[in-house]
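Structure at a glance
Read off the chains here:
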Amino acid sequence: MHAFDVLGDPVRRRILELLAGGEQTSGSLTAAIQAEFGISQPAVSQHLRVLRESGFATVRAEGVRRLYAVNAAPLQEVDVWLQPFRRFWAQHLDALATELARGRRERRKTAEETDEKRES
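Residues numbered from 1 in each chain as written. Predicted model: local features only at pLDDT ≥ 70, side-chain atom pairs only at ≥ 80, totals over all residues. Heavy atoms only, no water.

1. Considering the overall build of the protein chain
- Counting its secondary structure elements, the protein chain contains 6 helices and 3 strands.
- Element order for the protein chain, N to C, with α for helix and β for strand: α-α-β-α-α-β-β-α-α.
- Taken against the 2.2 N^0.38 rule, which gives 14 Å for 120 residues, the C-alpha radius of gyration of the protein chain at 21 Å runs more than 25% over that of a compact globule.
- With respect to the three principal axes, the spread of C-alpha positions in the protein chain is 65 × 40 × 25 Å.
- Out of the 120 residues in the protein chain, the part that is buried amounts to 23%.
- Summarising the internal contacts of the protein chain: among those between residues at least 6 apart in sequence, 46% fall at separations of at least 24.
- Placing the 18 positive and 17 negative side-chain charges of the protein chain at their respective mean positions leaves the two points 2 Å apart. (Helix = DSSP H or I, 4+ residues; strand = E, 2+ residues; numbered from the N terminus. Rg over C-alpha atoms; globule rule 2.2 N^0.38 Å. Buried < 20%, exposed > 50% of the residue type's maximum accessible area, 1.4 Å probe, protein only. Contact = heavy atoms within 4.5 Å. Lys, Arg positive; Asp, Glu negative; His and termini not counted. Charge placed at Lys NZ, Arg CZ, Asp CG, Glu CD.)

2. Description of the packing of aromatic side chains
- Applying the stated criterion to the full structure yields 2 aromatic pairs.
- Three or more aromatic residues joined by ring pairs form one cluster here, namely Phe4, Trp81 and Phe85. (Phe/Tyr/Trp six-rings, centres within 6.5 Å; stacked < 30°, edge-to-face > 60°.)

3. Some remarks on the pairing of strand 3 (residues 65-70)
- Here 2 bridges tie strand 1 (residues 24-25) to strand 3, and the two strands are oriented antiparallel to one another. Each bridged residue has a counterpart across the sheet, and for Gln24 the counterpart in strand 3 is Tyr68.
- Where strand 2 (residues 57-62) meets strand 3, 6 bridges bridge the pair, whose relative direction is antiparallel. The residue of strand 3 that forms the bridge with Ala57 is Val70.
- Counting the residues in the hairpin turn of strand 2 and strand 3 gives 2 residues, including Gly63, whose phi is positive at 65 degrees. (Pairing = 2+ DSSP bridges.)

4. Some words on helix 2 (residues 10-20)
- For helix 2, the complete set of buried residues consists of Val11, Arg12, Ile15, Leu16, Leu18 and Leu19. In an axial view of helix 2, the angular spread of the buried residues amounts to 160 degrees, which keeps them on one side of the axis.
- Packing partners of the buried residues in helix 2 comprise helix 1 (3-7), strand 1, helix 3 (26-37), helix 4 (41-53), strand 2 and strand 3.
- Capping the start of helix 2 is the job of one residue whose side-chain oxygen sits 2.8 Å from the backbone nitrogen of Val11: Asp9.
- Positive phi shows up at Gly22, right after helix 2, with a value of about 135 degrees. (Arc of directions from axis to C-beta. Polar contact = N/O pair within 3.5 Å; in protein donor to acceptor, adjacent residues only side chain to side chain.)

5. Digging into a negative patch on the surface
- A cluster of acidic residues, Glu112, Glu113, Glu116 and Glu119, forms a negative patch at the surface.
- Relative to the helices and strands, Glu112 is located in helix 6 (residues 87-119).
- Its relative accessible area of 45% is what places Glu112 among the partly exposed residues. (Patch = residues over 30% accessible without salt bridge, like charges linked within 9 Å, V, L, I, M, F, W, Y side chains within 5 Å. Areas by Shrake-Rupley, 256 points an atom, 1.4 Å probe, with all protein chains shown as cover. Salt bridge = Lys/Arg side-chain N within 4 Å of Asp/Glu carboxyl O.)

6. Here's the deal with a positive patch on the surface
- Side chains of Arg104, Arg105, Arg107 and Arg108 sit close together on the surface and give a patch of like positive charge.
- For Arg105, the position within the fold is in helix 6.

7. Considering the sheet that holds strand 2
- Judged by pairing direction, the sheet is antiparallel, and its 3 strands sit side by side in the order 1-3-2 without closing on themselves. Both outer strands of the open sheet, strand 1 and strand 2, are each paired with one neighbouring strand and no more.
- Of the strands in this sheet, strand 1, strand 2 and strand 3 touch helix 2, which is tilted by about 95 degrees from strand 3. (Axes fitted to C-alpha atoms, helices over the stretch in contact; angles between N-to-C directions.)

Any functional reading would require information that these geometric values do not contain.
Rendered as structure tokens:
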């Protein structure tokens, strides 16, 4: 299965988002996905299988538990594929970073002015 076929599914993307926070049990992943998407346990298991078989996730046994983690290699391949397209959004992200920094400076300046008024 092609990487974008795997990542094109919102359930699989959400599982990867959850795994980006660290290793998780299949039970905790299933509970979170069932709560968010309202799908059955077998459906969640199918998505986990696709992620494993496509290489996006790894699984290891710990007693009776199965612990899932992100495998970065396929994501790095996607990152390489996206490289020629970055020019379409990189400038916009740089501009956003500038605006965020400007807003932080203005809030800090306003807070300092408020503090000075309170002190006087």
